[in-house]
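# Tertiary structure, described
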Amino acid sequence: MTSTQVGTNPGDGNGASGAAPEEGYERGLGSRQVQMIAIGGAIGVGLFLGAGANIAKAGPSLILMYALAGVIVFFIMRALGELLLYRPVSGSFSEYAREFLGPFFGFVTGWTYWLMWVVTGMAELTAAAIYVHFWFPQIPQWVTALVFLVVLFVANLISVKIFGEIEFWFSMVKVTALVGMIVIGLGVVTFGFSQAGDAAAVSNIWAHDGIFPNGIGSSLMTLQGVMFAYLAVELVGVTAGESEDPEKTLPKAINTLPWRIIVFYVGALSVILMVVKWTEFEPGVSPFVAAFAKIGIPAGAAIINFVVLTAALSSCNSGMYSTGRMLRDLAANSEAPKVLGKLSSTKTPALGITLSAALMGIGVILNYIVPEKAFGYVTSVATAAGIWTWLMILISHILYRRAVVAGRLPASSFPAPGGTVCSWIAVAFLLLVTVLIAIDPDSRISLYVGAGWAVCLAIGWAILKSRNPHITTKGTPQDKQLETTGQPRS
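Right, let's walk through the structure included here.

Rules used throughout
Residues numbered from 1 in each chain as written. Predicted model: local features only at pLDDT ≥ 70, side-chain atom pairs only at ≥ 80, totals over all residues. Heavy atoms only, no water. Salt bridge = Lys/Arg side-chain N within 4 Å of Asp/Glu carboxyl O. Buried < 20%, exposed > 50% of the residue type's maximum accessible area, 1.4 Å probe, protein only. Helix = DSSP H or I, 4+ residues; strand = E, 2+ residues; numbered from the N terminus. Axes fitted to C-alpha atoms, helices over the stretch in contact; angles between N-to-C directions. Parallel < 35°, antiparallel > 145°, perpendicular 65-115°, else oblique. Contact = heavy atoms within 4.5 Å. Nonpolar A, V, L, I, M, F, W, Y, C, P; charged D, E, K, R; others polar. Expected span 1.5 Å × (residues − 1). Arc of directions from axis to C-beta. Patch = residues over 30% accessible without salt bridge, like charges linked within 9 Å, V, L, I, M, F, W, Y side chains within 5 Å. Areas by Shrake-Rupley, 256 points an atom, 1.4 Å probe, with all protein chains shown as cover. Core = buried A, V, L, I, M, F, W, Y, C linked by side-chain atoms within 4.5 Å. 1 Å grid on protein atoms, 1.4 Å probe; cavity = no way out; pocket = protein on both sides within 12 Å on 5 of 7 lines; lining within 4 Å. Points joined across faces, edges and corners; volume = space filled by probe spheres on them. Phe/Tyr/Trp six-rings, centres within 6.5 Å; stacked < 30°, edge-to-face > 60°. Lys NZ or Arg CZ within 6 Å of the ring centre and 35° of its normal.

### Digging into the pattern of salt bridges
On inspection of all chains with the given rule, the structure shows six salt bridges. Notably, a salt bridge pairs arginine 87 with glutamate 95, separated by 3.5 Å at the nearest N-O pair. Take arginine 87 and glutamate 95: they sit in the same class, and that class is buried. In this structure, arginine 87 engages glutamate 99 in a salt bridge whose closest nitrogen and oxygen atoms are separated by 2.8 Å. A residue pair is termed long-range when its members are at least 10 positions apart, and arginine 87 in the loop between helix H5 (62-86) and helix H6 (92-100) and glutamate 99 in helix H6 qualify at twelve residues. This pair shows no difference in class: arginine 87 is buried, exactly as glutamate 99 is. Each member of the salt-bridge network shares a partner with another, and the members are Arg87, Glu95, Arg98, Glu99, Asp329 and Glu335.

Spelled out as structure tokens, the structure:
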């Protein structure tokens, strides 16, 4: 697949209509599946497990941190949405970075997004092992993580239609359970039934040392964990190459993000903190499981444990899906081994999925060596990689809007509200989170890993340039015109 197959020529006007270029994939994801993938991507281990440690750090102010971060994530997604309707391709993040910032940034973004999902898969495997430990404490975490890794790897070699259907029902379980938890929690607070009794009250949010019990500084330090919880909302961009009708399904999926944040994050956490005092939560224990244990519903904790297990497996499954697609996009642009660009008989990038799943196995090793720290390590690394990806989306959006204003590119049919102002605000926020990561000794390891990753990418890029000098222009508008006309742009 050549670079002209990856996306339409930015200068030919095709992007204006949101035309979806054919990339060899099966366009088997319908509106129902894309919508539920988008919803499910916003409900993962960061909410179900990570929120416990963050509540212990920040108390009720965590609700405000999720709301603040949710606004920024919406800015990011609307910027991405404008780019997707300009040119909907499966390698969206790296493709836009390649076009607007240059091939090196496309190379870095593609590989970094791949890394993000690999380590996120490790986190999800870790979380799944913890959830199983709830029922079977005698089974070592690493054994459970390995079993889930193998099962999900096999599932991801199936056609995209089956992947979409599996994700639809995974997400349906998560959404139904969260809505049920909110309804039951409100019932406990309103009518006082259950073992929680009079202890459940709206005043629990502020009655125990206030909304900021440990100070604003402690609340801000939870932002890296909060941002990890939102990783995967951008997954709808990866589905662009396999959506049946991207110009309709993608805007709808993105525009529903605010209510997903309000209901599933702000709403669910608010209800939980009404039912259970924030001082009773502990790191490593799902606040949802703890809340239902407090309420005393028969088998309630076990049911919720099953739901959050589903959430972890769903997110890991999506990670395997996205890594295979990103590796194929890199291979199409000569930035990864060409063999990774091949599709199987079922039109899935099987080799890319296999490589990604094999590296996710490192998470199994972490669960064996440092099971109590595995989740914290991988979430901090995933967050740093996610911040880079989001920054590239925002900067690409800013440069795209400049090109539209200058008349060099057609306008998207799905413009972001506020233009580039919201993108600049989001950039500043992400830089703040990066500073907070550097300050926190527990998450600082992600910057060390990031520095090592940057060195590896720089070496890789130098090797690619020495072998293929043309790679420095591959994927750019000049390169697309050269392939179309045979002559470089004057």
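Moving on from the model shown.
### Re the environment of lysine 347
Position of lysine 347 relative to the elements: it lies in the loop between helix H16 (300-332) and helix H17 (350-369). For lysine 347, a relative accessible area of 40% puts it in the partly exposed group. Counting along the chain gives 189 residues from lysine 347 to isoleucine 158, while the straight-line C-alpha distance between them is 9.1 Å.

### Quick word on the packing of helix H11 (residues 223-230) against helix H19 (residues 421-439)
As a packed pair, H11 and H19 sit with axes 9 Å apart at the nearest point and diverge in direction by 125°. Put simply, H11 runs oblique to H19. Where H11 approaches H19, its residues Leu223, Gln224 and Met227 are matched on the opposing element by Phe429, Leu430, Val433, Leu436 and Ile437. When its residues are assigned to classes, the contact of H11 with H19 shows seven nonpolar, one polar and no charged.

### Details of helix H8 (residues 141-155)
Under the 1.5 Å per step criterion, the end-to-end length of H8 is 21 Å for 15 residues, consistent within 8% with the ideal 21 Å. Among the residues of H8, those classed as buried are Gln141, Thr144, Ala145, Phe148, Leu149, Leu152 and Ala155. Down the axis of H8, the smallest arc covering the buried residues is 135°, so these residues share one side.

### Quick look at a nonpolar patch on the surface
Among the surface-exposed residues, Leu64, Val202, Trp206, Ile211, Phe212 and Ile216 lie close enough to one another that they form a single nonpolar patch of about 540 Å² accessible area. Position of valine 202 among the secondary structure elements: in the loop between helix H9 (160-191) and helix H10 (215-220). Exposure remark for valine 202: the relative accessible area of 40% places this residue in the partly exposed category.

### Quick look at the nonpolar core
Formed by 138 residues in total, the largest nonpolar core has its most connected members in Phe48, Tyr66, Trp111, Leu178, Tyr230, Phe288 and Leu430. If you tally residues by element for this core, the top one is helix H7 (residues 103-135), at 18 residues.

### Observations regarding the layout of surface pockets
Considered as a void within the structure, the second largest pocket measures approximately 390 Å³ in volume. Together, 20 residues line the second largest pocket, and Thr112, Ala384, Ala385, Trp388 and Gly450 are the ones closest to its centre. For the lining of the second largest pocket, the element with the most residues is helix H20 (residues 445-467), which contributes eight residues.

### Considering empty space enclosed by the protein
Summed over all chains, the structure comprises four cavities of 30 Å³ or more. Approximately 40 Å³ is the volume attributed to the second largest cavity. Lining the second largest cavity, in full, are Met181, Gly185, Val271, Ile272, Val275, Ala291, Phe292 and Ile295. Among the secondary structure elements, those contributing two or more residues to the lining of the second largest cavity are H9, helix H14 (257-275) and helix H15 (287-295). Its residues assigned to classes, the lining of the second largest cavity shows seven nonpolar, one polar and no charged.

### A few points about the side chain of serine 314
On the secondary structure map, serine 314 appears in helix H16. The exposure class of serine 314 is buried, given its relative accessible area of 1%. Residue contacts for serine 314: discarding those within four places in its chain leaves Glu167, Phe170, Ser171 and Lys174.

### Remarks on unusual backbone geometry
Positive phi is not limited to glycine here, since aspartate 209 has a value of about 70°. Turning to its location among the elements, aspartate 209 is positioned in the loop between H9 and H10. Under the relative-accessibility criterion, aspartate 209 is labelled exposed at 62%. Unusually for a residue other than glycine, serine 334 sits at a positive phi of about 60°. Residue placement: serine 334 occurs in the loop between H16 and H17.

### Describing the packing of aromatic side chains
Overall, the coordinates contain 14 aromatic pairs when judged by the stated rule. Taking the centre distance of 6.0 Å and the plane angle of 70° together, the rings of tyrosine 66 and tyrosine 230 count as edge-to-face. Here tyrosine 66, found in helix H5, pairs with tyrosine 230, found in helix H11; they are 164 residues apart in sequence, far enough to count as distant. In this structure an aromatic cluster arises from ring pairing among Phe104, Phe105, Phe107 and Trp461. A cation sits over an aromatic face here: arginine 78 above phenylalanine 414, 4.0 Å from the ring centre.

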